[in-house]
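Residues per chain, in single letters:
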Amino acid sequence: MAPSRDSPPSSVLLWKIGALGDILMTTPLVRQLRKQLPEARIDYLTGSGCAPMLDGNPHIDRVRTFDASILYRGQVGRVPELLPLLRGYDCILTLDKHWIFPLLARLVGIPARIGFRRRSHEGLLLTRTVPYGVLRHEIDYYLALAEAAGWPVSRDDVALQAPAEAPFACDPASVVLINGGGENANECSTARRMPDALFGALVEACAARNPVIFVGSGSEARYYERFAGAGRTSLCGRTTVAQATAVLRQAARVITTDTGLMHLAAAVNRQVTGVFGPTHPLRKCPPGTNWAWADEALYDPRYELFGTVPAGRYFSSLTPADILERPHPSPFGDRRSWPLN
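These lines cover the structure that appears in this document, whether it is placed above or below. (Residues numbered from 1 in each chain as written. Predicted model: local features only at pLDDT ≥ 70, side-chain atom pairs only at ≥ 80, totals over all residues. Heavy atoms only, no water.)

**Observations regarding the sheet that holds strand β10 (residues 212–214)**
Pairing is parallel across the open sheet formed by 6 strands, whose spatial order is β11-β10-β7-β12-β13-β14. Lying at the two open borders of the sheet, with one neighbouring strand each, are β11 (232–234) and β14 (290–293). Strand-to-strand twist in this sheet, taken as the mean axis angle between neighbours without regard to direction, amounts to 20°. Here strand β12 (residues 253–257) runs beside strand β13 (residues 272–276); their pairing, made up of 4 bridges, is parallel. (Pairing = 2+ DSSP bridges. Helix = DSSP H or I, 4+ residues; strand = E, 2+ residues; numbered from the N terminus. Axes fitted to C-alpha atoms, helices over the stretch in contact; angles between N-to-C directions.)

The structure is reproduced here in structure tokens:
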């Protein structure tokens, strides 16, 4: 039987393998769980590469990590390594959709197992389920897990919780430009990246008025070299997550595709525009973030539901003016009472 407000659990585990932006979208759920369960031990288990996104989160008692390649690469022989990490909890919220997560939770005897159900068989090992599929923001889906457990939630409390920050000086007049996404352990595609012609025109338009900073991983540094020029600085591979948070907070504006850094920017900066292609802004655009999108006719929900990478050409009808001057308002409407970190 799942826990209720009358018999709250003494220990709760949230389990999500990754990715960076998805981890941040679960932080409103974490905050609201702490409000409903002030005496419970709330732990978060995630892949070691994503743990920095939870550094300093005041609503988590302990961030536990594991080698995500065990699941991403199907290393069946190493699956038993995960079982000790799951033992000893009264309740688990499985924040990914694959059946392996509730299976392992059941094997170690966690009595309350709450998670998503895309297909009928994915809910068989869960004690409470949330149907997953219709167009709905990811944050609202995560909050629905708490509702399924019997705990009330506030749909207005949707602020993303930024990780701990480390000092990193930059010009506060800078515009941060990010053209990434689709590069992670479970995907390797450029579907979420603006075409070079559009991104190059955007760089030129921004650089004519402000210093420009590129932010990304070390593996992306070579990509941004093609857009180098006066007044442009690449910090790719030169900052930690904590330092990147400081850069994004200080920027006069951030323009980014759908990537983990989009969510990180939204947690600390009001002047963020998300540029979308194959993903739907009403599912992924962060609170308080404006968005530009021109590919509704090409939208294929299988990408977001099942990871099926689309083959269409996206962003082709967008112009720099659409992004800089005519973005759409936040999909959360006037729900702007949340604080920045």
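**A word on the side chain of H263**
In this fold, H263 is placed in helix α10 (residues 260–268). Classification of H263 by relative accessible area gives buried; the value is 2%. What H263 contacts, discounting residues up to four positions off in sequence, is G21, L24, M25, L160, D258, K284 and P286. (Buried < 20%, exposed > 50% of the residue type's maximum accessible area, 1.4 Å probe, protein only. Contact = heavy atoms within 4.5 Å.)

**Let's talk about the environment of L83**
Following the sequence through the fold, L83 ends up in helix α4 (residues 83–86). Residue L83 is classed as buried on the basis of its relative accessible area, which comes to 17%. Considered as a pair, L83 and A105 are 22 residues apart in the sequence and their alpha carbons are 8.0 Å apart. Setting aside residues up to four positions removed in sequence, L83 forms contacts with L104 and V108.

**Description of the packing of helix α9 (residues 241–250) against α10**
Helix-helix packing is described using two parameters, namely the angle between the two axes and the distance between the axes. Relative to each other, α9 and α10 sit at 60°, their axes nearing to 9 Å. What the angle tells us is that α9 and α10 run oblique. The crossing of α9 and α10 is right-handed. Of the residues in α10, those in contact with V241, T245, L248 and R249 of α9 are L261, L264, A265 and V268. Each residue belonging to the contact of α9 with α10 can be placed in one class, and the counts come to 6 nonpolar, 1 polar and 1 charged. (Parallel < 35°, antiparallel > 145°, perpendicular 65-115°, else oblique. Left-handed = near helix turned anticlockwise from the far one by under 90°. Nonpolar A, V, L, I, M, F, W, Y, C, P; charged D, E, K, R; others polar.)

**Concerning the pairing of strand β4 (residues 91–94)**
Residues C91 and L93 of β4 are buried on one face, and the alternating residues I92 and T94, pointing to the opposite face, are buried as well. Alignment of strand β1 (residues 11–15) against β4, held across 4 bridges, turns out to be parallel. Bridging across to β4, L13 finds its partner in I92. Bridge analysis of β4 against strand β5 (residues 112–117) gives 4 bridges, and the strand direction is parallel. Residue pairing across strands places I92 opposite R113, the latter belonging to β5. Taken together, β4, helix α5 (residues 100–107) and β5 form a β-α-β motif whose crossover is right-handed. (Right-handed = clockwise from strand over helix to strand, strands pointing away.)

**Some thoughts on the packing of aromatic side chains**
To describe a pair of aromatic rings, you give the distance between the ring centres and the angle between the ring planes. Scanning the entire structure with this criterion turns up 14 aromatic pairs. When the ring of F199 is compared with that of F214, the centres are 6.2 Å apart and the planes differ by 50°; the resulting orientation is tilted. With F199 in helix α7 (residues 196–207) and F214 in strand β10, this residue pair connects regions lying 15 residues apart in the sequence. A single burial state applies to F199 and to F214, both of which are buried. Three or more aromatic residues joined by ring pairs form one cluster here, namely F199, F214, Y223, Y224 and F227. The positively charged end of K97 is found above the aromatic ring belonging to Y132, 4.2 Å away from the centroid. The ring of Y141 is capped by R136, whose NZ or CZ atom sits 5.2 Å from the centre of that ring. (Phe/Tyr/Trp six-rings, centres within 6.5 Å; stacked < 30°, edge-to-face > 60°. Lys NZ or Arg CZ within 6 Å of the ring centre and 35° of its normal.)

**Side note on the packing of helix α2 (residues 27–36) against helix α6 (residues 138–149)**
Two elements in contact, α2 and α6, have axes whose closest approach is 8 Å; the angle formed by their N-to-C orientations is 30°. When the interaxial angle is binned, α2 and α6 end up roughly parallel. Judged by the twist between their axes, the crossing of α2 over α6 is right-handed. Judged by residue contacts, P28, L29, Q32 and L33 of α2 engage I139, Y142, L143 and A146 from α6.

**With respect to the nonpolar core**
L177 and F199 are the most contacted members of the largest nonpolar core, which has 80 residues in total. Sorting elements by how many residues they give to this core places α6 first, with 9 residues. Setting aside residues up to four positions removed in sequence, F199 forms contacts with L177, I178, N179, M194, F214, Y223, Y224 and F227. (Core = buried A, V, L, I, M, F, W, Y, C linked by side-chain atoms within 4.5 Å.)

**Quick word on the sheet that holds strand β6 (residues 128–131)**
An order of β3-β2-β1-β4-β5-β6 is seen for the 6 strands of this open sheet, with the pairing classed as parallel. The outermost strands of the open sheet, each flanked by one partner alone, are β3 (62–66) and β6. Here the average twist between neighbouring strands, direction ignored, is 20°.

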